[in-house]
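# Results of the structural survey
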Protein chains: 2
Amino acid sequence: MTQPDPAHQTLPSQSGVTDLYFDFLCPYAWRGLELADVLRREHGLKFRLRHFSLVQGNHADNPDRKHPTWWLDGQVAGQGNESQASSLNAFLAGQAALKQPDDAAWAFTLGLSRAVHQPAEGRGRIDLRNDSDVRDVAAEGGLDLEQFEADLADQEALRAALHDDLQASASLGVFGTPTFHLPDGHIAYFRFANLVTEPGAALDLWNLYIRVLQDGARIETVKRAK
Amino acid sequence: MTQPDPAHQTLPSQSGVTDLYFDFLCPYAWRGLELADVLRREHGLKFRLRHFSLVQGNHADNPDRKHPTWWLDGQVAGQGNESQASSLNAFLAGQAALKQPDDAAWAFTLGLSRAVHQPAEGRGRIDLRNDSDVRDVAAEGGLDLEQFEADLADQEALRAALHDDLQASASLGVFGTPTFHLPDGHIAYFRFANLVTEPGAALDLWNLYIRVLQDGARIETVKRAK
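Residues numbered from 1 in each chain as written. Chains lettered and ligands numbered in written order. Predicted model: local features only at pLDDT ≥ 70, side-chain atom pairs only at ≥ 80, totals over all residues. Heavy atoms only, no water.

## Remarks on the relation of the copies chain B and chain A
When chain B is fitted to chain A, the residual RMSD is 0.0 Å, and the transformation amounts to a turn of 180° plus an axial shift of 0.0 Å. Taken together, these values place the two copies in the relation of a two-fold axis. Of the interface residues in chain B, 100% have counterparts in chain A that sit at the interface too, so the contact is made through matching surfaces. (Least-squares fit on C-alpha atoms with pLDDT ≥ 70 in both. Contact = heavy atoms within 4.5 Å.)

What follows is the structure in structure tokens.
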């Protein structure tokens, strides 16, 4: 079922694009983003950043995961509880960043995630509802700020793009983040506790995840008891 | 993090005994039992059969997984709903079988699981509440029937042994079956859809599971979206 392969080689099945569903609020999604960024930069693997909303997925009005009735993209800006308002604001900024070149979009996405989950020393955790906080991250990450502002102004387009991601993830049955949707069709939530940034370790971890999904036993779940 | 290893070799960390928590009612536990039986017979790996009860784990009175208040072993024989009565009767028979030599105990455990999840052609699914059905499996599996009857008669000892398993699994936070508790302390639910009985494939699958648990990233969950 599994074949040993030379260390630090990408598996042949990984030549297409993997969709990475993430939520800025989720600490495991942040680890998944860091992993994907290493794989992208150091090993040439291709990932597409896509949004899945935990507050939408867990909303009381959405018991049927595949057919939500409450949509985050339909929420009025600034309304809802803290998690809802933070999610929407971060996702809309994220969608605006995705209109720029890959490296800048990734830098912003990672920057915003780190600001939530690994704030720099002496800096508090970012308030994602605060537009000036979000713009600080955009400036640090190398986005074209003029374009960023222009894209942010077109809320309708950003909400439509967010809706596409939320619709796609709902249809696929995504329930948590990070979830990776491989080019070969396999799709699974992948939660790990330790940050992995060393390039060889990152690729080994990624290959291990792929082997689990591709194994002939059709592994559906590995989940630690706690 | 992961090292390629020669195909079909057991990993060095697997010299101790792995506890396999299972429930006769669970189709995935059955696949886990079949896997462990191949590993045991063909590769010399050591497993201890232990009981985890899904009806206890999911009981409305047991919201705190680690501290159940409703215990299956405290249920009066024949009482409760079908799943509860079936579970208790099967577990008590299973505990009686575990008093006999390993190969006979495994044959009975597998025989009873197959009778539920893969009944022989022309044979209906077994009713685990029916003692004569259970005794048929015991006879086919090579148990010493006289001893089996004697052990079955000591309900108090069987319930105490069952309680030990249920207590151990609760303390460990087991939530589903099959769950494997490795000699090195890692413990995780492992669900796969396809029966694996070919010895090489079985060992590859097992090694893959172990690698996931031992990886330095501390993988907590891999779970497919559906």
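## Observations regarding helix H8 (residues 199-214) of chain A
Residues and elements named next belong to chain A. The end-to-end C-alpha distance of H8 is 22 Å, a good match for the 22 Å that 16 residues give at a rise of 1.5 Å each. The element H8 is largely enclosed, with a buried count of 14 among its 16 residues. The N-terminus of H8 is capped by Glu198, whose side-chain oxygen sits 3.1 Å from the backbone nitrogen of Gly200. (Helix = DSSP H or I, 4+ residues; strand = E, 2+ residues; numbered from the N terminus. Expected span 1.5 Å × (residues − 1). Buried < 20%, exposed > 50% of the residue type's maximum accessible area, 1.4 Å probe, protein only. Polar contact = N/O pair within 3.5 Å; in protein donor to acceptor, adjacent residues only side chain to side chain.)

## With respect to the sheet that holds strand S1 (residues 17-22) of chain B
Reading across from one edge, S2(A)-S1(A)-S3(A)-S4(A)-S5(B)-S5(A)-S4(B)-S3(B)-S1(B)-S2(B) is the order of the 10 strands in this open sheet, with mixed pairing throughout. Each having just a single partner strand, strand S2 (46-51) of chain A together with strand S2 (46-51) of chain B make up the two edges of the open sheet. Direction aside, neighbouring strands of the sheet carry axes that sit 25° apart on average. Relative to S2 of chain B, S1 of chain B runs parallel, the two sharing six bridges. Residue pairing in the sheet places Thr18 of chain B in a bridge with Phe47 of chain B of S2 of chain B. (Pairing = 2+ DSSP bridges. Axes fitted to C-alpha atoms, helices over the stretch in contact; angles between N-to-C directions.)

## Section: the pairing of strand S4 (residues 187-192) of chain A
In terms of burial, S4 of chain A is largely enclosed, as six of its six residues are buried. Residues Ile187, Tyr189 and Arg191 of chain A line one face of S4 of chain A and the alternating positions Ala188, Phe190 and Phe192 of chain A line the opposite face, and both faces are buried. Direction of pairing for strand S3 (residues 179-181) of chain A relative to S4 of chain A: antiparallel, over a ladder of three bridges. Among the inter-strand pairings, Thr179 of chain A is bridged to a residue of S4 of chain A, identified as Tyr189 of chain A. Counted between consecutive antiparallel strands, the loop separating S3 of chain A from S4 of chain A contains five residues, among which Gly185 of chain A sits at a positive phi close to 100°. As defined by bridge partners, S4 of chain A adjoins strand S5 (residues 219-224) of chain B across five bridges and the pair is classed as antiparallel. What sits directly across from Phe192 of chain A, in S5 of chain B, is Ile219 of chain B.

## Details of the pattern of salt bridges
Side chains that differ in charge, positive against negative, can pair when their charged atoms come close. All names here are of chain A. Enumeration over the complete set of coordinates arrives at 27 salt bridges over all chains. Where Asp37 meets Arg40, a salt bridge forms, and the shortest distance between an N and an O atom there is 3.0 Å. Placement of the pair is Asp37 and Arg40 together in helix H1 (residues 27-43), with a separation of three residues, close to one helical turn. We note that Asp37, like Arg40, is buried. Salt-bridge contacts for Asp131 lead to Arg135; the nearest nitrogen and oxygen are separated by 4.0 Å. One end of the pair, Asp131, and the other, Arg135, are both in helix H5 (residues 131-140), four residues apart, so they sit about a helical turn from each other. Owing to a relative accessible area of 40%, Asp131 belongs among the partly exposed residues under this scheme. Given the relative accessible area of 28%, Arg135 is considered partly exposed. Within the structure, one salt-bridge network assembled from shared partners comprises Asp37, Arg40, Arg41, Glu42 and Asp103. (Salt bridge = Lys/Arg side-chain N within 4 Å of Asp/Glu carboxyl O.)

## A few points about the interface of chain B and chain A
Taken together, the contacts link 41 residues of chain B with 41 residues of chain A. Across the chain B/chain A interface, buried area totals approximately 4100 Å², and carbon plus sulfur atoms make up 58% of it. Taken as a group, Glu220, Val222 and Arg224 of chain B account for 22% of the area that chain B buries against chain A, more than any other trio of residues on that side. Counting every contact that joins chain B to chain A gives four salt bridges. Between Arg191 of chain B and Glu220 of chain A there is a salt bridge; the shortest N-O distance is 2.6 Å. At the boundary of chain B and chain A, one finds 25 residue pairs in polar contact (both at pLDDT 80 or more). For the side of chain B that touches chain A, the elements supplying multiple residues, two or more each, are strand S4 (187-192), helix H8 (199-214) and S5 of chain B. For the side of chain B that touches chain A, the leading source of residues is H8 of chain B, giving eight residues. Among the residues making up the side of chain B that touches chain A, the classes are represented as 24 nonpolar, six polar and 11 charged. (Buried area = accessible area lost by both parts, 1.4 Å probe. Nonpolar A, V, L, I, M, F, W, Y, C, P; charged D, E, K, R; others polar.)

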